[in-house]
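What follows is the residue order along each chain.
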There are 2 protein chains.
Amino acid sequence: MKPAICEQFGIDFPLFAFSHCRDVVAAVTNAGGFGVLGATAFTPQWLDQELSWIDEHVGGKPYGIDLIVPAKFEGKGEKLAPGELAGRIPDDYRGFVADLLSAHDIEPEASPRTGPSFLSGDTGKDLLEVAFSHPIKLIANALGVPPDYMIDAGREHGVRVAALVGAKEHAVKQVQAGVDLIVAQGTEAGGHCGEVTTLVLIPEVIEAIEGAVPVLGAGGIVTGRQMAAAVAMGADGAWTGSVWLTTEEAETAPHTVQKFLAATSRDTIRSTGRTGKPARQLKSEWTDAWAPNEGGHKTLPLPLQSMLAEPVIRRVDQLAAQGHPGAQALATYFVGQGVGLMNKVKPTREVVREFIEDYLAATERLSNSLPD
Amino acid sequence: MKPAICEQFGIDFPLFAFSHCRDVVAAVTNAGGFGVLGATAFTPQWLDQELSWIDEHVGGKPYGIDLIVPAKFEGKGEKLAPGELAGRIPDDYRGFVADLLSAHDIEPEASPRTGPSFLSGDTGKDLLEVAFSHPIKLIANALGVPPDYMIDAGREHGVRVAALVGAKEHAVKQVQAGVDLIVAQGTEAGGHCGEVTTLVLIPEVIEAIEGAVPVLGAGGIVTGRQMAAAVAMGADGAWTGSVWLTTEEAETAPHTVQKFLAATSRDTIRSTGRTGKPARQLKSEWTDAWAPNEGGHKTLPLPLQSMLAEPVIRRVDQLAAQGHPGAQALATYFVGQGVGLMNKVKPTREVVREFIEDYLAATERLSNSLPD
């Protein structure tokens, strides 16, 4: 008999893999896990294209998508004229960024671009509509309780809704709102994260929601032994992200892959410098610049900080790829503390296989730890 | 056959319990675990008395002691006249503390006391001499590689030397220096701690030291399921601290116990406000006052900050016990994120029993997670 979570999602091994790369999503799903496409930055057309590609490659096996529809953000509920939100980015912030670029031998743009406010507003609805036109089996949301329309649409289409949480209080609220799966994600996770560590958060969340829905452990999990640790504590499986960034299939730029392989677990930082909300990423002179405790600049609220930062980060990343030293010092990437255990580029399928083997070895190790 | 770590230390269950309270140490040892007396703040005479009491109560069962002999500190290697170190605390720091107390309706002392610089210097040697006159089985050190005299004396007396580490690089150095046991302690731990979480640190340390010595997992572990998680990841056992603070035997003040029981995992903070080095404790208006990223004051280096802070913290604690509201807002206590899972006062023996039962249940849960 398969574990309940495997029955529910039609998988062999309860390893959920978040990736922006369709190849990784399909490969994990085809290897018996569950691939989840991170689609927040996608346009509806692009999402449709990616999901069609996945459909062609997984032969009906299950996969899902992940969106970020935050519960709270600047401009929420207001009727905004085009450009009005961007107008709320103070001029001195533009100046600060221009100075930071100059200090790194990067010419500031004459009229700096503003990134899309994709973290807010109705884009989520359009993406959802596209997603539901494909045979997805899960839709996940980060940053607060999913909007009612997401939970309702999930019900209607028979698609489970998952929520990422960083505190037990949030898990309780999510269950009350009707989500079907909780991802308890510790502070060691890449991207947006809370303060509580995975080892403490998993038992706290499980105790708090009293078995109402299944719980996946997340945050720092890049090996089967860590997944086994999560399951030993009562989780039904693991949600992973960072580990797929150094797979052969990932679209991670080569210079970024090299940074990941070289990084230790102490090379990441929880910074508000990219989106305005704390998110774990590689330490760099960009994150230093937005570290108030080291004399850095205060950041703007969501989504203003990302509207300001994302176009710059993208440009910096392109220059870094060309070997520009200033850009390489500034470049930063979302990744968790598990990066310290990611030391080799491997095919996705092999990562899944190693997860399973390592999980089995950990299970045996724990069983053998008992006196005969 | 017992696990190797149990054979090495003559115990039934590889649960190591750090406590400043001799009753807890003896009770854990008597219940089949390994009690470790935190003796850093003790005088040699006091330590002798406490260890004699333990000897009378454990009937030859094994226990150990823990000291903090930091590798680096202000004044190290200098010949200092009496009071010279205290003279390095700048006057404006005294003024800042006086203002902080006044703001909380606490009259500053006319001539503020300076705490002992117990974290530095030769006190460690005197304590060691006393310790080795008792049948201790382990001596543990935090904050850097133990001094040669500690490792040599351990060898000579056949007493194993353990070191607490918060980063894999430190573990490698400790093994090179000759320690017999590594405690890999994650950022969720109470007291001094690094940045890497337990779930990431344990596999990193184990990989880095390649089996040279046994490894205990530590940081946030207050239940048997978390201990099982550590062992599933390859640790030989667990090192714990916070969980013993709410036992019946602990000398924790009643108002502090109430704060611990009410606290969630998000009520702790890693702050330099007490010793000058990052240490996890309950958030309070004291830790706020020393949080530079919230406009707080920069802290002094070790041991100056503790010489400044400890007498104040003690006075605040006494006032808080009497119900003084300002003091209650300032009072802080070293404790880990696991405090969120500590919800009831229990006898030490029962905590050990629950650890074992929970560990067994977690082992069974992990075994049952495999498909038949």
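Here the structure is a predicted model, which is why all the values come from computation and not from measurement.

1. Regarding the overall build of chain A
In terms of helices and strands, chain A carries 14 helices and 11 strands. Taken over C-alpha atoms, the radius of gyration comes to 20 Å for chain A, in line with the 21 Å a tight globule of 372 residues would show. Referenced to the eigenvectors of the C-alpha coordinate spread, the extents of chain A come out at roughly 65 × 45 × 40 Å. Buried positions account for 58% of the 372 residues belonging to chain A. Within chain A, residue pairs in contact and separated by at least 24 positions form 67% of the contacts whose partners lie at least 6 positions apart. When the accessible surface of chain A is summed, it comes to about 14,500 Å², and 50% of that surface belongs to carbon and sulfur atoms.

2. Looking at helix 12 (residues 304-321) of chain B
Residue and element names in this part refer to chain B. Across its 18 residues, helix 12 extends 26 Å between first and last C-alpha, which sits within 8% of the 26 Å expected from 1.5 Å per residue. If you look at helix 12, its biggest bend is around 30°, right at E310, and the proline P311 turns up within four residues after that. Considered for burial, the residues of helix 12 that qualify are L304, Q305, S306, M307, L308, A309, E310, P311, V312, I313, V316 and A320. Of the surrounding elements, those touching the buried residues of helix 12 are helix 4 (91-103), helix 10 (254-262), helix 11 (285-289) and helix 13 (325-330). G323 sits one or two residues past helix 12 and shows a positive phi near 95°.

3. Details of the packing of helix 9 (residues 224-232) of chain A against helix 9 (residues 224-232) of chain B
Interhelical geometry of helix 9 of chain A versus helix 9 of chain B gives an angle of 160° and a closest axis separation of 8 Å. For the element pair helix 9 of chain A / helix 9 of chain B, the angle class is roughly antiparallel. Every pair of crossing elements has a handedness; the one defined by helix 9 of chain A and helix 9 of chain B is right-handed. Counted together, R225, A229 and A232 of chain A of helix 9 of chain A and R225, A229 and A232 of chain B of helix 9 of chain B form the full contact between these two elements. Grouping the amino acids of the contact of helix 9 of chain A with helix 9 of chain B by side-chain chemistry returns 4 nonpolar, no polar and 2 charged.

4. A few points about the interface of chain A and chain B
Each partner contributes to the interface: chain A provides 50 residues, whereas chain B provides 50 residues. Between chain A and chain B, roughly 4,400 Å² of surface is buried when both sides are summed, and carbon and sulfur atoms account for 61% of that area. The largest contributions to the chain A side of the interface with chain B come from L199, R266 and L366 of chain A, which together make up 15% of the buried area. For the pair chain A and chain B, the interface holds 4 salt bridges. Among the salt bridges present, the one from R266 of chain B reaches E169 of chain A, with a minimum N-O distance of 3.3 Å. Linking chain A to chain B there are 17 residue pairs in polar contact (both at pLDDT 80 or more). For the side of chain A that touches chain B, the elements supplying multiple residues, two or more each, are helix 7 (168-177), helix 8 (198-209), helix 9 and helix 14 (348-368) of chain A. Partitioning the side of chain A that touches chain B into residue classes produces 21 nonpolar, 18 polar and 11 charged.

5. Observations concerning the sheet that holds strand 7 (residues 191-192) of chain A
Residue and element names in this part refer to chain A. Sheet architecture is open: 3 strands sit in the order 7-11-10, paired in antiparallel fashion. Looking at strand neighbours, the two that pair on one side only are strand 7 and strand 10 (268-271), the edges of this open sheet. Bridge count between strand 10 and strand 11 (residues 279-282): 4 bridges; the pairing is antiparallel. Following the sheet pairing, I269 is matched in strand 11 by Q281.

6. Side note on the domain arrangement of chain A
Residue and element names in this part refer to chain A. Here chain A is described as being made up of domain 1 (4-73 + 119-249 + 347-367) and domain 2 (84-117 + 253-334). The centre of domain 1, based on its C-alpha atoms, is set 27 Å off from the matching centre of domain 2. Taken together, the contact between domain 1 and domain 2 spans 17 residues of the former and 14 residues of the latter. Overall, the association of domain 1 and domain 2 removes approximately 1,300 Å² of surface from exposure, summing both partners, and the carbon and sulfur fraction of that is 62%. Counting every contact that joins domain 1 to domain 2 gives 0 salt bridges. Remark: the boundary between domain 1 and domain 2 carries 6 residue pairs in polar contact (both at pLDDT 80 or more).

7. Focus: unusual backbone geometry
Residues and elements named next belong to chain A. Look at the link from L302 to P303: it is a cis peptide, with omega at -5°. Following the sequence through the fold, P303 ends up in the loop between helix 11 (285-289) and helix 12 (304-321). Backbone geometry at E210 places phi at a positive 50°, although glycine is not the residue there. Note on placement: E210 falls in the loop between helix 8 and strand 8 (215-218). Owing to a relative accessible area of 70%, E210 belongs among the exposed residues under this scheme.

8. Focus on the relation of the copies chain A and chain B
For the pair chain A and chain B, the best superposition has an RMSD of 0.0 Å and corresponds to a rotation of 180° with a translation of 0.0 Å parallel to the axis. Taken together, these values place the two copies in the relation of a two-fold axis.

9. Quick look at the nonpolar core
Judged by nonpolar contacts, the single largest core of 201 residues is most densely connected at L47 of chain A together with L47 of chain B. The residues contacting L47 of chain B, other than those within four sequence positions of it, are L37, A39, F42, I65, L127, V130 and A131 of chain B.

10. Examining helix 9 of chain B
Among the 9 residues of helix 9 of chain B, 8 are classified as buried, and the element is accordingly described as predominantly covered. Along helix 9 of chain B, the residues classified as buried are G224, Q226, M227, A228, A229, A230, V231 and A232 of chain B.

11. Here we look at the pairing of strand 8 (residues 215-218) of chain B
Residue and element names in this part refer to chain B. Side chains V215 and G217 of strand 8 all project onto a buried face; the interleaved residues L216 and A218 project onto the opposite face, where all are buried too. Of the pairings in the sheet, the one linking strand 8 to strand 9 (residues 237-240) comprises 3 bridges and is parallel in character. Residue pairing across strands places A218 opposite W239, the latter belonging to strand 9. In this fold, the crossover linking strand 8 to strand 9 by way of helix 9 has right-handed handedness.

12. Notes on the sheet that holds strand 6 (residues 181-185) of chain B
Residue and element names in this part refer to chain B. An order of 1-2-3-4-5-6-8-9 is seen for the 8 strands of this closed barrel, with the pairing classed as parallel. Sheet twist, expressed as the average angle between the axes of neighbouring strands with direction ignored, equals 25°. Summarising the sheet, strand 5 (residues 160-165) and strand 6 pair through 4 bridges and their orientation is parallel. Opposite L164, over in strand 6, you have V183 as the bridge partner. On top of the sheet, helix 3 (residues 44-58) reaches strand 2 (34-38) and strand 3 (63-68); it is set at about 160° to strand 3, its chief contact. Helix-sheet contacts for helix 8 (residues 198-209) involve strand 5, strand 6 and strand 8, and the interaxial angle to strand 6 is about 150°.

13. Some details on the side chain of H134 of chain A
Residue and element names in this part refer to chain A. Its location among the elements puts H134 in the loop between helix 5 (123-132) and strand 4 (138-142). Polar contacts involving the side chain of H134 include one to the side chain of D48, which spans 2.6 Å. Beyond its immediate sequence surroundings of up to four residues, H134 is in contact with D48, L51, S52, D55 and Y63.

So, how was this worked out
Residues numbered from 1 in each chain as written. Chains lettered and ligands numbered in written order. Predicted model: local features only at pLDDT ≥ 70, side-chain atom pairs only at ≥ 80, totals over all residues. Heavy atoms only, no water. Helix = DSSP H or I, 4+ residues; strand = E, 2+ residues; numbered from the N terminus. Rg over C-alpha atoms; globule rule 2.2 N^0.38 Å. Buried < 20%, exposed > 50% of the residue type's maximum accessible area, 1.4 Å probe, protein only. Contact = heavy atoms within 4.5 Å. Areas by Shrake-Rupley, 256 points an atom, 1.4 Å probe, with all protein chains shown as cover. Expected span 1.5 Å × (residues − 1). Bend = angle between axes of the 7 residues up to and from the residue. Axes fitted to C-alpha atoms, helices over the stretch in contact; angles between N-to-C directions. Parallel < 35°, antiparallel > 145°, perpendicular 65-115°, else oblique. Left-handed = near helix turned anticlockwise from the far one by under 90°. Nonpolar A, V, L, I, M, F, W, Y, C, P; charged D, E, K, R; others polar. Buried area = accessible area lost by both parts, 1.4 Å probe. Salt bridge = Lys/Arg side-chain N within 4 Å of Asp/Glu carboxyl O. Polar contact = N/O pair within 3.5 Å; in protein donor to acceptor, adjacent residues only side chain to side chain. Pairing = 2+ DSSP bridges. Domains from an automatic or database assignment. Least-squares fit on C-alpha atoms with pLDDT ≥ 70 in both. Core = buried A, V, L, I, M, F, W, Y, C linked by side-chain atoms within 4.5 Å. Right-handed = clockwise from strand over helix to strand, strands pointing away.

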